[in-house]
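# Reading the structure
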Amino acid sequence: MQYRTLGRTGIKVTPYALGAMMLGSLGNPDRREAVRIIHRALDAGINVVDTADRYGDSEEVVGEALQGRRDQVVLATKFHGPVDDDVNHRGASRRWIVQAVERSLRNLRTDYIDLYQLHRPDPDTDIEETLSALTDLVRQGKVRAIGSSSMRGSEIVEAQWAAQRRGFERFRSEQPNYSILDREIEREILPVAQRYGMGTLVYSPLAGGSLTGKYRAGRANDTFRASTGMRHFRDERRLAAVEQLLDLAGEAGIPLSHLAMAFTLAHPGVTSAIIGPRTLEQLEDTLAGADVSLSDEILDRIDAIVPPGESIGAMDMVYRGPEVADAALRRRPTAERSAR
């Protein structure tokens, strides 16, 4: 595989990054197979492995698989989400960060993390508090670079300004959701990341499996995905777009999954696309499309199906922020409304 530079860090990474969320208790509990999947990805040339402390035992699986191969890998993990019932074992406070990193280092069986990422913005913690703690980790040698995930453009800018103002380490990467069906980040996130020299590791380039061609209009969903109860697999608008994309992929003579991966990597603001196989078969299918590139004509036709900067519906797991998720933050009190 060819290499790209992760923002301005000087770290060289492959266009495909291996996401390990499905490797372990959340997806494939067969640890031996999960380790084989990681080894196969590395043997194929992938040099980025991304996980998170809240992905069940994924960090432990990754740590086991990287024994003897750690120095070949750009190892990325994330913190923020709850890992147990303790209310302080989550978030982006200094108190939790200094505990979370030690937990991840133990699970990953390593003494340093190449890219340590804030999994979600934390409205309860000043960004300066978070950056201060992360800066200490970099200076201690426990972390090589820091990144963010699911931030809005304004939050990325705020974090960059805070780092410059206070002399802290700045976020060197952003991890947003991006696929043919989910293109909103083209409006603001990708341009802002490019402006600040940040790399981007985009997740769900196959729209959580929707762009594999497995989920079709009028047909039963795959049992694994259907069991999650996620609504986006039954969104008629997304399913209709998938049908058009399947026709386009057929004309181009490539599987839809390869078309989808190549699409995400065609954007100059994208550094790597995170693939999240649950089985070795899924990994092999994705690897088979590593050399696919799309012509301007094909990209134009994709634009006609899903316009640039637009999304069709939304994936259920995408972070939208409390101001959208919490009705109390977007509605005036009843008494105030009725007084008009």
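Whatever comes next refers back to the structure up there.
Structure report, in brief. (Residues numbered from 1 in each chain as written. Predicted model: local features only at pLDDT ≥ 70, side-chain atom pairs only at ≥ 80, totals over all residues. Heavy atoms only, no water.)

Moving on to the environment of Ala240. With respect to the helices, strands and loops of the structure, Ala240 is situated in helix α8 (residues 236-252). Here Ala240 falls in the partly exposed class, since its relative accessible area comes to 39%. Along the sequence, Ala240 and Gly141 sit 99 residues apart, while their C-alpha atoms lie 49 Å from each other. (Helix = DSSP H or I, 4+ residues; strand = E, 2+ residues; numbered from the N terminus. Buried < 20%, exposed > 50% of the residue type's maximum accessible area, 1.4 Å probe, protein only.)

Under the definition given, this model contains 18 salt bridges. Among the salt bridges present, the one from Glu60 reaches Arg31, with a minimum N-O distance of 3.5 Å. Residue Glu60 is located in helix α2 (residues 58-65), and its partner Arg31 is located in helix α1 (residues 31-43); the two are separated by 29 residues in the primary sequence. On the basis of relative accessibility, which here comes to 29%, the residue Arg31 falls in the partly exposed class. With its nearest N and O atoms 2.7 Å apart, the salt bridge here joins Glu128 to Arg166. Here the residue Glu128 occupies a position in helix α4 (residues 127-139), and Arg166 occupies one in helix α5 (residues 153-166), the gap between them amounting to 38 residues. Within this structure, Arg31, Asp57, Glu60 and Glu64 form a network of salt bridges that share partners. (Salt bridge = Lys/Arg side-chain N within 4 Å of Asp/Glu carboxyl O.)

This part covers the environment of Leu294. Tracing the backbone through its elements, the reader meets Leu294 in the loop between α10 (280-287) and α11 (296-305). Since its relative accessible area comes to 17%, Leu294 is described here as buried. Sequence-wise, Leu294 and Ala266 are 28 residues apart; in three dimensions their C-alpha atoms are separated by 7.6 Å. Sequence-distant contacts of Leu294, defined by excluding residues within four places in its chain, comprise Ile254, Leu259, Ala262, Phe263, Leu299 and Ile302. (Contact = heavy atoms within 4.5 Å.)

Along the chain, Ser58 turns up in helix α2. Excluding residues within four positions of it along the chain, Ser58 makes contact with Ala20, Met21, Leu23 and Thr51.

Here we take up the environment of Val73. Along the polypeptide, Val73 turns up in the loop between α2 and β5 (74-79). Among all residues touching Val73, those that are not within four sequence positions of it are Leu42, Asn47, Val49, Leu66 and Asp114.

All right, on to the packing of helix α9 (residues 256-266) against α11 then. Where α9 meets α11, the closest approach of the two axes is 12 Å, and the angle between their N-to-C directions is 100°. For the element pair α9 / α11, the angle class is roughly perpendicular. Mapping the contact onto sequence places Leu259, Phe263 and Ala266 in α9 and Ile298, Leu299 and Ile302 in α11. (Axes fitted to C-alpha atoms, helices over the stretch in contact; angles between N-to-C directions. Parallel < 35°, antiparallel > 145°, perpendicular 65-115°, else oblique.)

Further remarks concern α10. Among the residues of α10, Leu283, Thr286 and Leu287 are the ones counted as buried. Take α10 and look down its axis: the buried residues cluster within an arc of 100°, on one side only. (Arc of directions from axis to C-beta.)

Summed over all chains, the structure comprises two aromatic pairs. Pairing Phe79 with Tyr116 gives two aromatic rings, centres 4.8 Å apart and planes at 35°, and the pair type is tilted. Taken together, the residues span a long stretch of sequence, with Phe79 in strand β5 and Tyr116 in strand β6 (residues 113-118) at a distance of 37 residues. Exposure remark for Phe79: the relative accessible area of 0% places this residue in the buried category. Centroid distance Tyr178 to Phe263: 5.7 Å. Interplanar angle 35°. Geometry classified as tilted. Highlighted residues: Tyr178 in the loop between β8 (173-175) and α6 (189-195) and Phe263 in helix α9, separated in sequence by 85 residues. Judged by its relative accessible area of 1%, Tyr178 falls in the buried class. Looking at Phe263, the relative accessible area reads 4%, which means it is buried. Positioned over the ring face of Tyr196 is Arg195, at 5.5 Å from the centre of the ring. (Phe/Tyr/Trp six-rings, centres within 6.5 Å; stacked < 30°, edge-to-face > 60°. Lys NZ or Arg CZ within 6 Å of the ring centre and 35° of its normal.)

We now examine unusual backbone geometry. The backbone phi angle of His80 is positive, close to 145°, even though this residue is not glycine. Looking at the element boundaries, His80 is found in the loop between β5 and α3 (94-108). Residue classification places His80 among the buried residues on the basis of a relative accessible area of 16%. Phi is positive for Arg109, which is not a glycine, with a value near 55°. For Arg109, the position within the fold is in the loop between α3 and β6. What makes Arg109 partly exposed here is its relative accessible area of 48%.

Neither face of strand β10 (residues 272-275) is exposed, since Ser272 and Ile274 on one face and Ala273 and Ile275 on the opposite face are all buried. Taken together, the three bridges between strand β3 (residues 16-19) and β10 define a ladder with parallel strand orientation. Bridge pairing links Ala17 to Ile274 in β10. With two bridges joining them, strand β9 (residues 199-202) and β10 adopt parallel strand pairing. Within β10, the position partnered with Val202 by the bridge is Ala273. (Pairing = 2+ DSSP bridges.)

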